[in-house]
Structure formats: C-alpha cells, structure tokens
Amino acid sequence: MKVVQNVPPRVAGACYISGSADGAVGRIYSVPNPRATHETSKTPLLLNPILAEQGAYPLLRLDERRQELQKKGTELFDFGTGDPREPTDGKIRHALIDGVPEVSRYPSTPGKQGLREAFCGWMERRHGVTLDPESEVLPATGSKEAIFHAPLAFLHHSHERRGVAYGTPGYPVYERGTLLSGGEALPVELKGENGFLLQPEAIDPERTRILWINYPHNPTGAAATYEYLESVVEFCHKHEILLFSDECYNDIYSGEPPPSILEITTQRTLAFCSLSKRSGMTGYRSAMMAGDEELIAALRKLRPSIGVATQSFVQDAASAAWGDEAHVEKRRCVFGEKRDLFTEFFEEAGLEYLPTDASFYLWVAIPDGDDEAYALRLMEEGIIVAPGRAFGAGGEGYIRIALVPGLEDCKLAIQRWAGLEAWT
Ligand SMILES: Cc1ncc(COP(=O)(O)O)c(C=O)c1O
C-alpha cells in the first residue's frame, strides 16, 4: 500500500492515509467527490408490506418513561427482558478463546462434527433420544434465526395449505417467520383454564401445514407433560402437519425435567434447542435443530443461501456447553431461588400467578386487568416488567416477570413492590 505523508489530497473521491511509511499510519481521510450528490428530495421508500404493517412499538409510553427515569439516574431493576445476568461458565468462555483460529475460514452450514456429536450426547443423556449427528441435527446461530427461517424451506405462497399455527400470547418470531415466507399466520389463543397449553382441537387442519409449540412457555412459564405432547403428536401425524417444538427453556426447571417432543417422535417433527438460557450464552448465538432426517436435509439445502453458519470458535464454546451439566445445575438453583422469592411474595400479597417450576418467567394476573398501567406504576418504583399485551392477543391483563436480575436485586425489588399496597 502506498502511504502518502502529509500531502494534501488532490484527487476527488480518493482515500489517503496520513502517517509514516513504516506502517504507523494515522487518520484515513478522503476528498469529497463532487459527482456524489446528496439528494434532498426522495420518493417514498417502497417496503415489504409485511414489514410496513408491523407498525410502531406498541408500548411507547413505557419505553419513554423508562428513558426519562434512566436520565434522572433512578435505580432500575429490569425484569423485562429474558437476558439473565449470571456469568457464562469459565470452561465455555475459555473454549471460545482457545477456538479463535490464526487463519479465518468460512464456517460450513452443518458445522463441526464435534459440535453435532456433543449435542447428540446431551440429547441421549438428557432425553434418552439417540440421533445421528450426520443426518438428524443442524446447528443454528441462535434459535431465533432458526425459528424465523425454518418456514422458508417448507412454505410457498403458491401452496394451497400454507397456514402456520402458534400460540398467543407467545414469542413473536413464529408469526414474523410465517408471514415473511409467504405463509398464513394462524394464531391460537392460549387460555388460563387450559394451563396455557395449546389445544390441538383449536387448529384448523385443512389450513395448517406447520404447528409451533413452545413448552416451557414464554411468556407464561407453562410446562407440558409427556401425555400432552403425545396428544399433539397424534393430532399432527393424523393431519400431516409438520410439528416444530421450540424447546429454548427445556433445561431451566426445579422439579421434573420437561420432556422433549423427540422423546415421542422424530417423524415430521423438529426440536429447536438453544444454549442461550441453558448455558447463559445469549450473546454467543448458538442453537441446534434436531429431528426428522428429511426436514433437516431441507434446512441444510436452504441455509447456505442465508449465510447463518455459526462461527467456528462459537461452535467450540457450544461443544463445551452441551458436554457439561454442572454449570446448568448451578443456573437451575439460582433461578429456583429467585422463583421461590417471588412466589412467596405473590402468595403473601394475594397476587394470582401461574404456578410453574420451569423457565425463568412468572406470569401474574393484574388485579384490575390493566397490565400496561400496572407496569407503568411498577416502573415508578424502578421495577421493570413486561405487560402481557406485548406478547400478543390473550396477554392483556397479565404481566411477565423475567427472573434475570441477581438475587439481591430481586429482594430489593420485592421490598419496593410490597410497599405498593394499593397495587397488590
Ligand atoms: C420462546 C423463545 N424461543 C426462542 C428464543 C430465542 O433464543 P435464542 O435465539 O437466544 O436461542 C427466545 C428468546 O428469548 C424465546 O423466548
């Protein structure tokens, strides 16, 4: 590279580097190019209508108030977002660091064999399910993108039956992935009287191609029994519906370990398993899709076009994580302690909540039913929670508490909440 020393730039559009010729370069600067004009009037940008219709953030009032409180320096306890603060285990962090290669290469869609084997080892130990690491599993860069992209492999706007059913309230990505892949969104309202379990009878089998379930459930924390999962499998097999089970919270529990859908079947079924919550790796972005060989083959064909292959060093960290249970056991204990603190408080305060020992969410019914007003009132005390309406229809009248701040912060927040007599 030619380094120009202290010479004023002359050629329009060219880039110059100031500094010395021995490589100790300084600022990069460029000469404005008179031909690159900056338009002042623009024609309206044509958006994908699905994106355009997504609309503005519905909880603007809460967001604005939070910013004001932050500016004022109010101490905030954030139970709003499901991103826990516990440190990632040292073995996982070191595996990542040791995995950074000297020469960087593109990662491949199927990823490293060692990662797929480590995941299959976990699946065998945890769920008693034997999978072929070559043909029945595929890594993803977090389960969010996997969930979003999966319908692209199976749906097309020309298909007559292209409905995707999913529970509401729920994780919003099932709907977005459906619509942006040309599918028809078929939300199914989850009801308290059914323990927030999606009832297969509420699904129209004539229209449905794919069914998403998610237990332990975000946002309610509801967990499914083996028998419930069997009934869903039976329905899907009978009506030739692809069954996708989002098992993001399967390893966060205090009582009986939640079952995987793969314990019942792999036929026309996929489980989406994530390291984010299990191993405190939200920022690493690592998950695994597992199940039916043909479905995995279709995703393997699709995914190189998207460019979501996981970085090799993240794969090394993920192998360490799937191979270890000790760090997960510690996390389970921490979430269990926080869950107990809050449920004890709810009992004393007479607040109605969904009893659960899985996931790190608590779903609380609001005394007068206005979840947004309640969330705003708690925010004045520095307690941030998510109003149920943020998770779609059926969420109104509840708030979700994500047990993510540390134990001491949970205690402080409860003290403040308990002081709000009129609000319990
Ligand atoms: C139900 C559910 N599924 C999937 C995800 C995505 O997890 P990740 O992309 O971190 O694996 C989340 C994240 O909060 C979730 O709540």
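For the structure, check the block above.
Residues numbered from 1 in each chain as written. Predicted model: local features only at pLDDT ≥ 70, side-chain atom pairs only at ≥ 80, totals over all residues. Heavy atoms only, no water.

Draft legend 1. Here's a closer look at the site of the ligand. Around the ligand lies a shell of 15 residues, among which Asp-246, Tyr-249, Ser-274, Ser-276 and Arg-285 are the nearest. In the environment of the ligand, an oxygen atom lies 2.7 Å from a nitrogen or oxygen atom belonging to the side chain of Ser-274. Interatomic distance of 2.6 Å between a side-chain N/O atom of Arg-285 and an oxygen atom of the ligand. Relative to its free-state accessible area of 400 Å², the ligand is covered by the protein chains to the extent of 92%. No other element matches helix α5 (residues 143-149), which puts three residues into the shell around the ligand. Counted by class, the shell around the ligand contains five nonpolar, six polar and four charged residues. (Near = heavy atom within 4 Å. Polar contact = N/O pair within 3.5 Å; in protein donor to acceptor, adjacent residues only side chain to side chain. Areas by Shrake-Rupley, 256 points an atom, 1.4 Å probe, with all protein chains shown as cover. Helix = DSSP H or I, 4+ residues; strand = E, 2+ residues; numbered from the N terminus. Nonpolar A, V, L, I, M, F, W, Y, C, P; charged D, E, K, R; others polar.)

Draft legend 2. Quick peek at the environment of Arg-65. With respect to the helices and strands, the residue Arg-65 is situated in helix α2 (residues 60-72). Sequence-wise, Arg-65 and Met-379 are 314 residues apart; in three dimensions their C-alpha atoms are separated by 8.0 Å. Contact partners of Arg-65, with chain neighbours within four places excluded, come to Lys-72, Leu-376, Met-379 and Glu-380. (Contact = heavy atoms within 4.5 Å.)

Draft legend 3. Main features of the sheet that holds strand β13 (residues 386-387). As summarised here, the arrangement of the three strands in space is β11-β14-β13, forming an open sheet in which the pairing is antiparallel. Each having just a single partner strand, β11 (361-365) and β13 make up the two edges of the open sheet. (Pairing = 2+ DSSP bridges.)

Draft legend 4. How the structure looks around empty space enclosed by the protein. For the structure shown, the criterion picks out two cavities of 30 Å³ or more. Put simply, the largest cavity is a space of about 70 Å³. Surrounding the largest cavity, Tyr-166, Gly-167, Pro-169, Gly-170, Tyr-174, Leu-190, Leu-198, Trp-212, Ile-213, Asn-214, Tyr-215 and His-217 form its lining. Of all elements in the fold, only β5 (163-168) and β7 (208-213) reach the threshold of two or more residues within the lining of the largest cavity. Taken as a whole, the second largest cavity encloses approximately 40 Å³ of empty space. Along the walls of the second largest cavity sit Trp-122, Glu-247, Cys-248, Tyr-249, Asn-250, Asp-251, Cys-273, Ser-274, Arg-278 and Trp-322, which together make up its complete lining. By residue class, the composition of the lining of the second largest cavity is five nonpolar, two polar and three charged. (1 Å grid on protein atoms, 1.4 Å probe; cavity = no way out; pocket = protein on both sides within 12 Å on 5 of 7 lines; lining within 4 Å. Points joined across faces, edges and corners; volume = space filled by probe spheres on them.)

Draft legend 5. The pattern of salt bridges, seen in detail. Enumeration according to the criterion identifies 24 salt bridges in this entry. Here Arg-268 and Glu-294 are joined by a salt bridge, their closest N and O atoms 3.2 Å apart. Placement of the pair is Arg-268 in the loop between β8 (242-246) and β9 (269-274) and Glu-294 in helix α8 (residues 293-302), with a sequence separation of 26 residues. Between Glu-329 and Arg-332 there is a salt bridge, with the nearest N and O atoms lying 3.2 Å from each other. Taken together, the positions of Glu-329 and Arg-332, both in helix α10 (residues 326-349) and three residues apart, correspond to about one turn of that helix. Note on Arg-332: relative accessible area 8%, which makes it buried. It is possible to trace a salt-bridge network through shared partners that takes in Arg-126, Asp-251, Arg-278, Glu-325, Glu-329 and Arg-332. (Salt bridge = Lys/Arg side-chain N within 4 Å of Asp/Glu carboxyl O. Buried < 20%, exposed > 50% of the residue type's maximum accessible area, 1.4 Å probe, protein only.)

Draft legend 6. Up close: the packing of aromatic side chains. If you walk through the whole model with that rule in mind, you get 26 aromatic pairs. The interplanar angle of 80 degrees and the centroid separation of 5.8 Å between the aromatic rings of Phe-196 and Tyr-398 together place this pair among those described as edge-to-face. Within this pair, whereas Phe-196 is found in the loop between β6 (184-189) and β7, its partner Tyr-398 is found in strand β14 (residues 398-402), the two being separated by 202 residues in sequence. Seen from their ring centres, Tyr-249 and Tyr-361 are 5.2 Å apart, and the 70 degrees between their planes marks the pair as edge-to-face. Of this pair, Tyr-249 sits in the loop between β8 and β9 while Tyr-361 sits in strand β11, placing them 112 residues apart in sequence. (Phe/Tyr/Trp six-rings, centres within 6.5 Å; stacked < 30°, edge-to-face > 60°.)

Draft legend 7. Just the pairing of β7, in detail. Among the six residues that make up β7, six are buried, leaving the element largely enclosed by the rest of the structure. Bridge count for β5 against β7 is three bridges, and the pairing is parallel. Looking at β7, one finds that Val-164 is bridged to Ile-210. Relative to β8, β7 runs parallel, the two being bridged by four bridges. For Trp-212, the partnering residue across the bridge sits in β8 and is Phe-244.

Draft legend 8. Just the sheet that holds strand β10 (residues 287-291), in detail. Spatially, the seven strands line up as an open sheet ordered β4-β10-β9-β8-β7-β5-β6, and their pairing is mixed. The outermost strands of the open sheet, each flanked by one partner alone, are β4 (137-140) and β6. Here the average twist between neighbouring strands, direction ignored, is 20 degrees. Relative to β6, β5 runs parallel, the two being bridged by six bridges. Opposite Gly-163, over in β6, you have Glu-184 as the bridge partner. Along the sheet, helix α6 (residues 173-180) contacts β5, β6, β7 and β8; its crossing angle with β6, the most-contacted strand, is approximately 155 degrees. (Axes fitted to C-alpha atoms, helices over the stretch in contact; angles between N-to-C directions.)

Draft legend 9. How the structure looks around the pairing of β9. The element β9 is extensively covered by neighbouring structure, given that six of its six residues are classed as buried. Every second residue of β9 is oriented toward a common face, with Thr-269, Ala-271 and Cys-273 on one face and Leu-270, Phe-272 and Ser-274 on the other, all of them buried. Bridge analysis of β8 against β9 gives four bridges, and the strand direction is parallel. By the bridge assignment for β9, Ser-245 is matched with Ala-271. Of the strand pairs in this sheet, β9 and β10 are connected by five bridges, and their pairing is antiparallel. In the sheet register, Leu-270 faces β10, and the bridge partner there is Gly-291.

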